[in-house]
Amino acid sequence: MKVSIIGASGRVGSATALLLAKEPFMKDLVLIGRKKSKNKLEGLKRDIYDALAGSRSDANIFVGTDDDLKIVDESDVVIITSGVPRTEGMSRMDLAKINAKIVGNYAKKISEICDTKLFIITNPVDVMTYKALIDSKYERNNVFGLGTHLDSLRFKVAIAKFFGVHIDEVRTRIIGEHGDSMVPLLSATSIGGIPIQKFEKFKDLPIKEIIEDVKTKGEQIIRLKGGSEFGPAAAILNVVGCIVNNEKRLLTLSAYVNGEFDGIRDVCIGVPVKIGRDGIEEVVSIDLDKDEIEAFRKSAEIIKKYCEEVKFI
Ligand SMILES: NC(=O)c1ccc[n+]([C@@H]2O[C@H](COP(=O)([O-])OP(=O)(O)OC[C@H]3O[C@@H](n4cnc5c(N)ncnc54)[C@H](O)[C@@H]3O)[C@@H](O)[C@H]2O)c1
């Protein structure tokens, strides 16, 4: 398996590089950054090789810059994490125009080099996924973003802690924008296969507080330690693992929807997708509660407005 990470000198890129390099499926890992990041990437490569030796893993690591992007040729997946990150007090959408130029430019250049899958992490991730899809002109199954997968994991942890159960017992998801308008799906939440509403403790679940905590988790981490890295990196690894092992898991990623959900069209947004060797193999259309579909529609409208704004820049 060959995976390239664009923006590998950054927080999320470097944490992802370490996790991926340790996986037995990883053969060639390419770390890409701007020219000025070259030394940092060389240092990262050496550091990861030490970590691999210490954990009895093996992979080949290559370093490249914007000037030699051809090194990504034949990648199974190209992960894009490049961009200006949020600082305290900024919303993810504040970054849309700045980051659209960066992501769009990489998407176009990569598509001129090879056929691959583009996996977008840069925020606002739904808008960036749309931009990457438009500018790469790849088929829609080959372009997807981390979407609300990380938010869903955060929601899962909160539910597991409240009910005092192992995290694997909880199944849940959040759809919509990776941002303020995200939509937690209680209708799709179960513990040990039992709908959450059937538990006696459900009536005491502080759902509003939990959702607010999930929504602000990224901001909390920025305030406390500068930015998140391990959470996103683990979520990214989940997705790459699904592709490599053709797992066909239903994850909540940012995908192009065109009518699968209540007629919402031409936008990239967090939805349940079946992910396997061919990337997004299906956008899984599900029956939502009335308030959930209304909230999802609003979320799609917010993202769509920004997609229109960045489409041609
Ligand atoms: N989707 C998610 O769940 C999620 C989670 C965490 C972070 N993010 C996003 O991922 C992105 C990276 O976050 P980070 O914490 O690693 O940031 P970072 O600042 O640590 O790294 C950013 C990377 O982008 C590169 N970069 C910056 N400006 C550039 C430009 N003009 N051209 C090319 N490359 C440029 C930097 O050199 C660096 O490699 C951000 O947009 C952040 O908001 C998304």
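Residues numbered from 1 in each chain as written. Predicted model: local features only at pLDDT ≥ 70, side-chain atom pairs only at ≥ 80, totals over all residues. Heavy atoms only, no water.

The name given to the protein chain in an unreviewed UniProt entry is Malate dehydrogenase (NADP(+)), with Methanocaldococcus vulcanius as the source organism. According to the UniProt record, the Sequence similarities (unreviewed entry) comment for the protein chain is "Belongs to the LDH/MDH superfamily." (UniProt positions renumbered as here; feature names shortened; annotations may be inferred.)

K.L.:
Honestly, the layout of surface pockets in this entry has me stumped. Any pointers?
P.N.:
Remark: the empty space left among the atoms is shown by a probe the size of a water molecule rolled over them. Each pocket or cavity is described by its volume, and for the largest pocket that value is around 990 Å³. Around the largest pocket, the lining is made up of 38 residues, and of these Thr81, Ser82, Gly83, Val84 and Pro85 lie nearest the centre. At the level of elements, helix H1 (11-21), helix H3 (96-113), helix H5 (149-163) and helix H7 (217-225) are the ones that each hand at least two residues to the lining of the largest pocket. In this structure, the second largest pocket encloses a volume near 340 Å³. If you trace the second largest pocket, you find 16 residues lining it, with Arg171, Thr172, Arg173, Leu250 and Leu251 closest to the centre. Of all the secondary structure elements, the ones that give two or more residues to the lining of the second largest pocket are H5, strand E7 (170-171) and strand E12 (249-258). In terms of residue class, the lining of the second largest pocket is made up of eight nonpolar, four polar and four charged. (1 Å grid on protein atoms, 1.4 Å probe; cavity = no way out; pocket = protein on both sides within 12 Å on 5 of 7 lines; lining within 4 Å. Points joined across faces, edges and corners; volume = space filled by probe spheres on them. Helix = DSSP H or I, 4+ residues; strand = E, 2+ residues; numbered from the N terminus. Nonpolar A, V, L, I, M, F, W, Y, C, P; charged D, E, K, R; others polar.)

K.L.:
Just to check I follow, could you spell out the site of the ligand for this structure?
P.N.:
Neighbouring residues of the ligand: 24 residues in total, closest Ser9, Arg11, Val12, Gly83 and Asn123. Between serine 9 and the ligand, the recorded distance is 2.8 Å, taken from a side-chain N or O atom to an oxygen atom. At a threshold of 2 Å from the grid points, most atoms of the ligand map onto the largest pocket. Elements with a contribution of two residues or more to the shell around the ligand: H1 and H3. A total of three residues in the shell around the ligand trace back to one element, the largest contributor, which is H3. Across the shell around the ligand, the residue classes break down as 10 nonpolar, 12 polar and two charged. The residues that make up the shell around the ligand include at least three from each of domain 1 (2-145) and domain 2 (148-311). (Near = heavy atom within 4 Å. Polar contact = N/O pair within 3.5 Å; in protein donor to acceptor, adjacent residues only side chain to side chain. Sits in = over half its atoms within 2 Å of the grid points. Domains from an automatic or database assignment.)

K.L.:
Any chance you could explain the side chain of serine 299 here in plain terms?
P.N.:
Tracing the backbone shows serine 299 in helix H9 (residues 290-310). Those residues in contact with serine 299 that sit more than four places away from it in its chain are Gly176, Glu177, Ser181, Met182 and Ile269. (Contact = heavy atoms within 4.5 Å.)

K.L.:
Just to check I follow, could you spell out the pattern of salt bridges for this structure?
P.N.:
Side chains carrying opposite charge are able to pair once their charged atoms draw close together. A full pass over the atoms with the stated rule returns 17 salt bridges. Here lysine 27 makes a salt bridge to aspartate 28, at a shortest N to O gap of 3.9 Å. Between arginine 140 and glutamate 260 there is a salt bridge; the shortest N-O distance is 2.6 Å. Of this pair, arginine 140 sits in the loop between helix H4 (125-136) and strand E6 (143-145) while glutamate 260 is found in the loop between E12 and strand E13 (265-276), placing the two residues 120 residues apart along the sequence. Here glutamate 260 falls in the partly exposed class, since its relative accessible area comes to 21%. (Salt bridge = Lys/Arg side-chain N within 4 Å of Asp/Glu carboxyl O. Buried < 20%, exposed > 50% of the residue type's maximum accessible area, 1.4 Å probe, protein only.)

K.L.:
When you look at unusual backbone geometry in this model, what are you seeing that I'm missing?
P.N.:
Leaving glycine out, the prevailing phi sign among residues is negative, and the prevailing peptide bond configuration is trans. For the bond running from asparagine 123 to proline 124, omega is -5 degrees, close enough to zero to count as cis. At lysine 137, a position not held by glycine, the phi torsion is positive, near 60 degrees. For lysine 137, the position within the fold is in the loop between H4 and E6. Although it is not a glycine, aspartate 266 sits at a positive phi angle of roughly 55 degrees. Tracing the backbone shows aspartate 266 in strand E13.

K.L.:
Before we go on, may I ask you to explain the sheet that holds strand E10 (residues 190-191) in this structure?
P.N.:
Hydrogen bonds between backbone atoms are what pair the strands of a sheet, whose relative direction is either parallel or antiparallel. Judged by pairing direction, the sheet is antiparallel, and its three strands sit side by side in the order E7-E10-E11 without closing on themselves. Two strands lie at the open edges of the sheet, namely E7 and strand E11 (194-195), each paired on one side alone. Pairing analysis gives two bridges linking E10 to E11, with the strands arranged antiparallel. Across the sheet, serine 190 pairs through a bridge with proline 195, a residue of E11. (Pairing = 2+ DSSP bridges.)

K.L.:
I tried to follow the UniProt feature "binding site: NAD(+)" (unreviewed entry) in the protein chain on my own but got confused; where do I start?
P.N.:
The UniProt entry lists Gly7, Ala8, Ser9, Gly10, Arg11, Val12, Gly13, Asn99, Ile121, Thr122 and Asn123 under the feature "binding site: NAD(+)" (unreviewed entry), expressed in the numbering used here. In this structure, the largest pocket is lined, among the annotated residues mentioned, by Gly7, Ser9, Gly10, Arg11, Val12, Gly13, Asn99, Ile121, Thr122 and Asn123. Note on placement: alanine 8 falls in the loop between strand E1 (2-6) and H1. Residue alanine 8 is classed as buried on the basis of its relative accessible area, which comes to 0%.

K.L.:
Just to check I follow, could you spell out the nonpolar core for this structure?
P.N.:
When a protein is soluble and globular, its nonpolar side chains tend to lie buried together. In terms of nonpolar packing, the biggest core is built from 83 residues, with Leu20, Ile79, Ile110, Leu118 and Phe119 touching the most fellow members. Ranked by residue count, the leading element in this core is helix H8 (residues 230-244), at eight residues. Setting aside its immediate chain neighbours within four residues, phenylalanine 119 contacts Val77, Val78, Ile79, Ile80, Phe144, Gly145, Leu146, Ile236, Val239 and Val240. Counting residues in each nonpolar core, the second largest holds 13 residues, with Ala160, Ile174, Leu205 and Ile211 among its members. (Core = buried A, V, L, I, M, F, W, Y, C linked by side-chain atoms within 4.5 Å.)

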